[in-house]
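Single-letter residue listing:
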Amino acid sequence: MEYLTLNNGVNMPILGFGTFMLSGETCTNSVANAIQAGYRMIDTAEAYGNEKEVGDGIKKSGIERKDLFIVTKVNFKSYEHTKETVMKSLENLRTDYIDLMLLHWPFANYYAAWRGLEELYADGKIKAIDVSNFEPDQLLDLIAYNKIVPAVNQIETNLYCQRTDERIWLDKKEVSHMAYAPLGQGNRNDMFHEPAVNALSDKYGKTPAQILLRFLTQKKIAVIPRSTQPEHIKENINIFDFSLTDEEMTTLSALDKKTALIGNPETPELVEFSLTW
Ligand code: NAD
């Protein structure tokens, strides 16, 4: 495993396991399988409704809490609601601290929610406070008017949505970059058939998914691929025994289409989603 050091000194694994859409026993077993395969970072969210099953998977894995890095997200309505929701997440995950707690989306009063997280951080309930789906202007504004700079911004990032412009601001403000949908939500954007990716698959004897995850991690972007298939779970973590050359990194970087699958505020599905909150 490789690690990123966050702006508050916390070390975070660069690769973790995503749990969006996982529920019930499938969620529990997938989380347990992932931990047994070597994953130490697990990403969930209050809005996924599966924190309890993630907690069950952690327990089933037999790995101690101190050796894991738990990421969850709060879907907030107010300052009070933020704090109550985080306390519920702790209970559901059966832990007394969360490693990374993200504001899930920049909806509602995220300044009030951020103050709640700052207090929980001071109390030691959260080891790093973070955001997700924040556009650069929202992130810069939050940084300018609050005490704590977010440690991470989790945003959709993959070969066709590289976030190069956003990355300039993340680096400038020392906010680490975490990619969701690193596999394009199961190749919804057809990256697996990109000829340059396929040529690298042949060269290194790796699958397109492994090339795509290696590309992101070499850019110091944390990734959290999801799978319920034991062979894919193993495949996705088996990316640290090869490196892409500088030239190959440049070739893949040039393939950016700057097109998001779900992280774009102009997409109707996102507007619809925000209205359900
Ligand atoms: P993903 O890019 O991880 O793709 C998951 C899909 O890829 C699954 O359908 C899986 O079957 C398939 N897959 C996995 N490994 C494969 C392999 N080796 N070969 C072929 N197919 C493979 O998409 P995601 O789950 O949407 O994103 C990852 C995680 O990011 C989520 O699970 C969740 O934890 C997080 N997330 C966060 C937000 C947010 O708003 N912050 C939004 C979406 C997802």
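Computed from a predicted structure; not experimentally measured.

A. Structural detail: the overall build of the protein. In terms of regular secondary structure, the protein is built from 12 helices and 10 strands. In terms of overall dimensions, the protein has a C-alpha envelope of 55 × 40 × 35 Å along the principal axes. Of all 277 residues assigned to the protein, the portion counted as buried reaches 53%. Within the protein, counting contacts between residues at least 6 apart in sequence, those at least 24 apart form 74% of the total. Surface exposure of the protein reaches about 12200 Å², of which carbon and sulfur atoms provide 51%. Positive and negative side-chain charges of the protein, numbering 29 and 39 respectively, have mean locations separated by a distance of 4 Å.

B. Region of interest: the packing of aromatic side chains. This model, assessed by the stated rule, comprises six aromatic pairs. Taking the centre distance of 5.6 Å and the plane angle of 80° together, the rings of Phe17 and Tyr39 count as edge-to-face. Of the two residues, Phe17 is situated in strand S3 (residues 17–18) and Tyr39 in the loop between helix H1 (24–36) and strand S4 (41–43); the sequence distance between them amounts to 22 residues. The burial state of Phe17 is the same as that of Tyr39; both residues are buried. Seen from their ring centres, Phe20 and Tyr48 are 5.2 Å apart, and the 50° between their planes marks the pair as tilted. Remark: Tyr48 occurs in the loop between S4 and helix H2 (51–61) and Phe20 occurs in the loop between S3 and H1; sequence separation between them is 28 residues. Phe20 gets classed as partly exposed once you look at its relative accessible area, which sits at 33%.

C. Region of interest: the sheet that holds S3. Taken in spatial order, the eight strands line up as S3-S4-S5-S6-S7-S8-S9-S10 in an open sheet, and their pairing is parallel. The open sheet has two free edges, formed respectively by S3 and strand S10 (221–223), since each of these has just one partner strand. Note that strand S9 (residues 176–180) and S10 share three bridges and pair parallel. In the strand pairing of S10, Met178 is matched with Ala222.

D. Examining the pattern of salt bridges more closely. Scanning all chains against the criterion turns up 12 salt bridges. Across the pair Glu119 and Lys83 runs a salt bridge whose closest N-O atoms are separated by 2.6 Å. Highlighted residues: Glu119 in helix H4 (residues 110–122) and Lys83 in helix H3 (residues 79–93), separated in sequence by 36 residues. The class for Glu119 is partly exposed, based on a relative accessible area of 31%. Assessed through its relative accessible area of 22%, Lys83 is described here as partly exposed. Here Glu248 makes a salt bridge to Lys203, at a shortest N to O gap of 2.6 Å. Separated by 45 residues along the polypeptide, Glu248 in helix H11 (residues 246–253) and Lys203 in helix H8 (residues 195–204) bring together distant segments of the chain.

E. Spotlight on the pairing of S9. Most of S9 sits out of view: five of its five residues are buried. What you see with S9 is no split at all: Ser176, Met178 and Tyr180 on one side and His177 and Ala179 on the other are buried throughout. Here strand S8 (residues 152–156) pairs with S9 via five bridges, running parallel. The partner of Gln154 across the bridge, within S9, is Met178. In terms of handedness, the path from S8 via helix H6 (residues 164–172) over to S9 forms a crossover that is right-handed.

F. The arrangement of the site of the ligand in detail. Lining the immediate environment of the ligand, one finds 28 residues, of which Asp43, Ser132, Leu183, Gln185 and Arg226 sit closest. Take Arg226: an N or O atom from its side chain is 2.5 Å from an oxygen atom of the ligand. Contact with the protein chains hides 89% of the accessible area of the ligand, taken as 830 Å² for the molecule alone. Looking at the shell around the ligand, the elements with two or more residues in it are helix H7 (184–187) and helix H10 (230–237).

G. Examining helix H5 (residues 136–144) more closely. Three or more residues of H5 are buried, namely Gln138, Leu139, Leu142 and Ile143. Relative to the axis of H5, the buried residues are bounded by an arc of 130° and lie together on one face. For H5, the exposed residues set more than 90 degrees away from the buried face come down to Asp137 and Ala144. Of the surrounding secondary structure, the elements contacted by the buried residues of H5 are H4, strand S7 (126–132) and H6.

Conventions adopted
Residues numbered from 1 in each chain as written. Predicted model: local features only at pLDDT ≥ 70, side-chain atom pairs only at ≥ 80, totals over all residues. Heavy atoms only, no water. Helix = DSSP H or I, 4+ residues; strand = E, 2+ residues; numbered from the N terminus. Buried < 20%, exposed > 50% of the residue type's maximum accessible area, 1.4 Å probe, protein only. Contact = heavy atoms within 4.5 Å. Areas by Shrake-Rupley, 256 points an atom, 1.4 Å probe, with all protein chains shown as cover. Lys, Arg positive; Asp, Glu negative; His and termini not counted. Charge placed at Lys NZ, Arg CZ, Asp CG, Glu CD. Phe/Tyr/Trp six-rings, centres within 6.5 Å; stacked < 30°, edge-to-face > 60°. Pairing = 2+ DSSP bridges. Salt bridge = Lys/Arg side-chain N within 4 Å of Asp/Glu carboxyl O. Right-handed = clockwise from strand over helix to strand, strands pointing away. Near = heavy atom within 4 Å. Polar contact = N/O pair within 3.5 Å; in protein donor to acceptor, adjacent residues only side chain to side chain. Arc of directions from axis to C-beta.

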